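Okay, here's what each chain looks like letter by letter:
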Amino acid sequence: MDHFRDKVSIVTGGASGIGRALGEELAHRGAIVMLADRNAQLLSEVGDPIAENRGNVETTSLDVSDFDAVKKMIKDYHEKHSRLDFIFNNAGIAAGGEVRDCSIDDWRDVLDVNLRGVVNGIACAYPLMVQQGFGHIVNTASIEGLVPFPGAASYVASKFGIVGLSNALRIEAADLGVKVSVVCPGYIKTPIFHTSKMIKIDRQKMLESLPDRLGITPEKCASIILRGVERNKAIIVVTAFARLLWMLQRISPNFMLWFMRKKLQKSRKEVRIED
Ligand SMILES: NC(=O)c1ccc[n+]([C@@H]2O[C@H](COP(=O)([O-])OP(=O)(O)OC[C@H]3O[C@@H](n4cnc5c(N)ncnc54)[C@H](O)[C@@H]3O)[C@@H](O)[C@H]2O)c1
């Protein structure tokens, strides 16, 4: 029987990109799915067709940085089905720009959604999973949570935080019946590159500089994630290029500092907007 059949699952950031693809594949494989996203308009366009085609899908408008709203959503969904098998804490935003150009509000936006959003999901779902004695928490970080990319320090900080949190929780949760995995994708072709905040960066030039041949679709990404979840992998690194970067990081952190400095020098010439 499929690992996800009849499993009660929540996917945050489920209206677009990786979250949407996860919702589609989970529903296709027979899971009972709640797609939660703060973009209600997009959610309504996405949820109905998935539900029509694949069955058991609900949608809810939710801001993951709002603890009370996350708590209510998870409590209600758990009560409705008397169990919660999976939570994919996937909602996230990106921001590009050097630290010298970022305001404290820029920092707050990224940390509130990316890090606090995951913490909120865990704080509400984990106690229920411990109580029921099973469940799997899957947090979306990034290859930028394993390797320090310059020019996106708030994003890097949030994603390193998610990796550390996930690994620590995995150890705590293991003997309590709860599994924890963290997903670290490389370049996935989603709208995030068009919607993220760019601070003193020329978006068009940045988009042109993306290594298109190294990217994969959100659908392919979702299927790699679910395979990793099925195998209960601790860290699910998605894309061959991301796996290469992570291997280099582990072999020689100093080499990666040098390599990233070169990369920053190049991008300052190509995409930075000077005053
Ligand atoms: N696309 C990539 O190359 C890539 C690489 C590494 C990691 N990621 C991570 O994958 C996750 C999904 O990103 P994506 O590429 O699918 O982007 P996306 O923009 O296509 O989807 C993100 C979704 O999250 C939702 N969202 C944003 N803030 C929210 C909030 N406060 N509450 C609820 N929903 C919110 C958005 O409305 C959107 O529907 C993010 O955590 C992102 O950081 C993406």
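For the structure itself, look to the data block above.
If you're wondering where the values come from, they're calculated on a predicted model, not measured in any experiment.

J.: Would you take a moment to explain the overall build of the protein for this structure?
T.: Regarding its fold elements, the protein presents 10 helices and nine strands. Since a compact globule built from 275 residues should have a radius of gyration of about 19 Å, the 18 Å found for the protein is in line with a globular shape. With the principal axes as the frame, the protein shows a C-alpha extent of 55 × 40 × 35 Å. Within the protein, buried positions represent 43% of all 275 residues. Residue pairs at least 24 apart in sequence account for 74% of intrachain contacts in the protein once pairs closer than 6 positions are excluded.

J.: When you look at the site of the ligand in this model, what are you seeing that I'm missing?
T.: Close to the ligand lie 32 residues, the nearest being Gly13, Ser16, Gly17, Gly92 and Thr190. At the level of elements, helix 1 (17-28), helix 4 (104-132) and helix 6 (192-195) are the ones that each hand at least two residues to the shell around the ligand. Partitioning the shell around the ligand into residue classes produces 15 nonpolar, 14 polar and three charged.

J.: Whenever I open this one, the sheet that holds strand 7 (residues 178-185) confuses me. Can you help?
T.: Strand pairing in a sheet is mediated by backbone hydrogen bonds. Such pairs are either parallel or antiparallel. Overall, parallel pairing links the seven strands, which are arranged 3-2-1-4-6-7-9 in an open sheet. Since the sheet does not close on itself, it has two edges, and those belong to strand 3 (57-61) and strand 9 (235-238), each with one partner. Geometrically, the sheet is characterised by an average inter-axis angle of 15° between neighbouring strands, direction not taken into account. Summarising the sheet, strand 1 (residues 8-12) and strand 4 (residues 86-89) pair through three bridges and their orientation is parallel.

J.: How should the pairing of strand 6 (residues 135-140) be read in this particular structure?
T.: Most of strand 6 is tucked away, with six of its six residues classed as buried. In strand 6, alternate side chains face the same way, and those of Gly135, Ile137 and Asn139 on one face and His136, Val138 and Thr140 on the other are all buried. Bridging between strand 4 and strand 6 involves four bridges; their strand directions are parallel. When the sheet's bridge partners are listed, Asn89 is paired in strand 6 with Asn139. As judged from the six bridges shared by strand 6 and strand 7, these two strands associate in the parallel manner. If you follow His136 over to strand 7, its bridge partner there is Lys179. Considered for its hand, the β-α-β crossover made up of strand 6, helix 5 (residues 153-174) and strand 7 is right-handed.

J.: Would you take a moment to explain the packing of helix 3 (residues 67-81) against helix 4 for this structure?
T.: When two helices pack together, their arrangement is given by the angle between the helix axes and by the axis-to-axis distance. Packing of helix 3 against helix 4 leaves a shortest axis separation of 9 Å and a crossing angle of 30°. Considering their axes alone, helix 3 and helix 4 lie roughly parallel with respect to each other. Our pair here, helix 3 against helix 4, has a crossing hand that is right-handed. Contacts from Phe67, Val70, Lys71, Ile74 and His78 of helix 3 reach helix 4 at Asn120, Gly121, Cys124, Ala125 and Leu128. Of the residues that constitute the contact of helix 3 with helix 4, the class distribution is six nonpolar, three polar and one charged.

J.: What's the story with helix 1 in this structure? I'm lost.
T.: Since the α-helix advances by 3.6 residues per turn, residues separated by three or four positions end up pointing in the same direction. Between its terminal C-alpha atoms helix 1 stretches 17 Å, which fits the 16 Å expected from 12 residues at 1.5 Å a residue. Among the 12 residues that make up helix 1, 10 are buried, leaving the element largely enclosed by the rest of the structure. Gly17, Ile18, Gly19, Arg20, Ala21, Leu22, Gly23, Glu24, Leu26 and Ala27 are the residues of helix 1 that are buried. Downstream of helix 1 by a residue or two, Gly30 has a phi angle that is positive, lying close to 95°.

J.: Could you clarify how one ought to interpret the environment of Thr217 in this entry?
T.: Locating Thr217 in the fold gives a position in the loop between helix 7 (203-209) and helix 8 (218-230). The exposure class of Thr217 is partly exposed, given the 14 C-beta atoms found within 10 Å. A sequence separation of 29 residues divides Thr217 from Ile188, and the C-alpha atoms of the two residues are 5.8 Å apart.

J.: Please explain the packing of helix 4 against helix 5 as it appears in this structure.
T.: It is at 9 Å that the axes of helix 4 and helix 5 come closest, and there the two elements cross at 15°. One element, helix 4, and the other, helix 5, form an angle in the roughly parallel class. Here helix 4 and helix 5 pass one another in a crossing that is right-handed. Counted together, Asp106, Trp107, Val110, Leu111, Asn114, Leu115, Val118 and Ile122 of helix 4 and Ser154, Tyr155, Ser158, Lys159, Gly161, Ile162, Leu165 and Leu169 of helix 5 form the full contact between these two elements. Looking at the contact of helix 4 with helix 5 residue by residue, the class counts come to 10 nonpolar, four polar and two charged.

J.: Looking at this structure, I do not really get the environment of Arg243. What am I missing?
T.: Residue placement: Arg243 occurs in helix 9 (residues 240-251). With 14 C-beta atoms counted inside 10 Å, the residue Arg243 sits in the partly exposed group. Taking the C-alpha atoms as reference points, Arg243 and Pro185, separated by 58 residues in sequence, lie 9.1 Å from one another.

Scoring rules and cut-offs
Residues numbered from 1 in each chain as written. Predicted model: local features only at pLDDT ≥ 70, side-chain atom pairs only at ≥ 80, totals over all residues. Helix = DSSP H or I, 4+ residues; strand = E, 2+ residues; numbered from the N terminus. Rg over C-alpha atoms; globule rule 2.2 N^0.38 Å. Buried ≥ 20, exposed ≤ 12 C-beta atoms within 10 Å, placed from the backbone. Contact = placed C-beta atoms within 7 Å. Near = placed C-beta within 6 Å. Nonpolar A, V, L, I, M, F, W, Y, C, P; charged D, E, K, R; others polar. Pairing = 2+ DSSP bridges. Axes fitted to C-alpha atoms, helices over the stretch in contact; angles between N-to-C directions. Right-handed = clockwise from strand over helix to strand, strands pointing away. Parallel < 35°, antiparallel > 145°, perpendicular 65-115°, else oblique. Left-handed = near helix turned anticlockwise from the far one by under 90°. Expected span 1.5 Å × (residues − 1).

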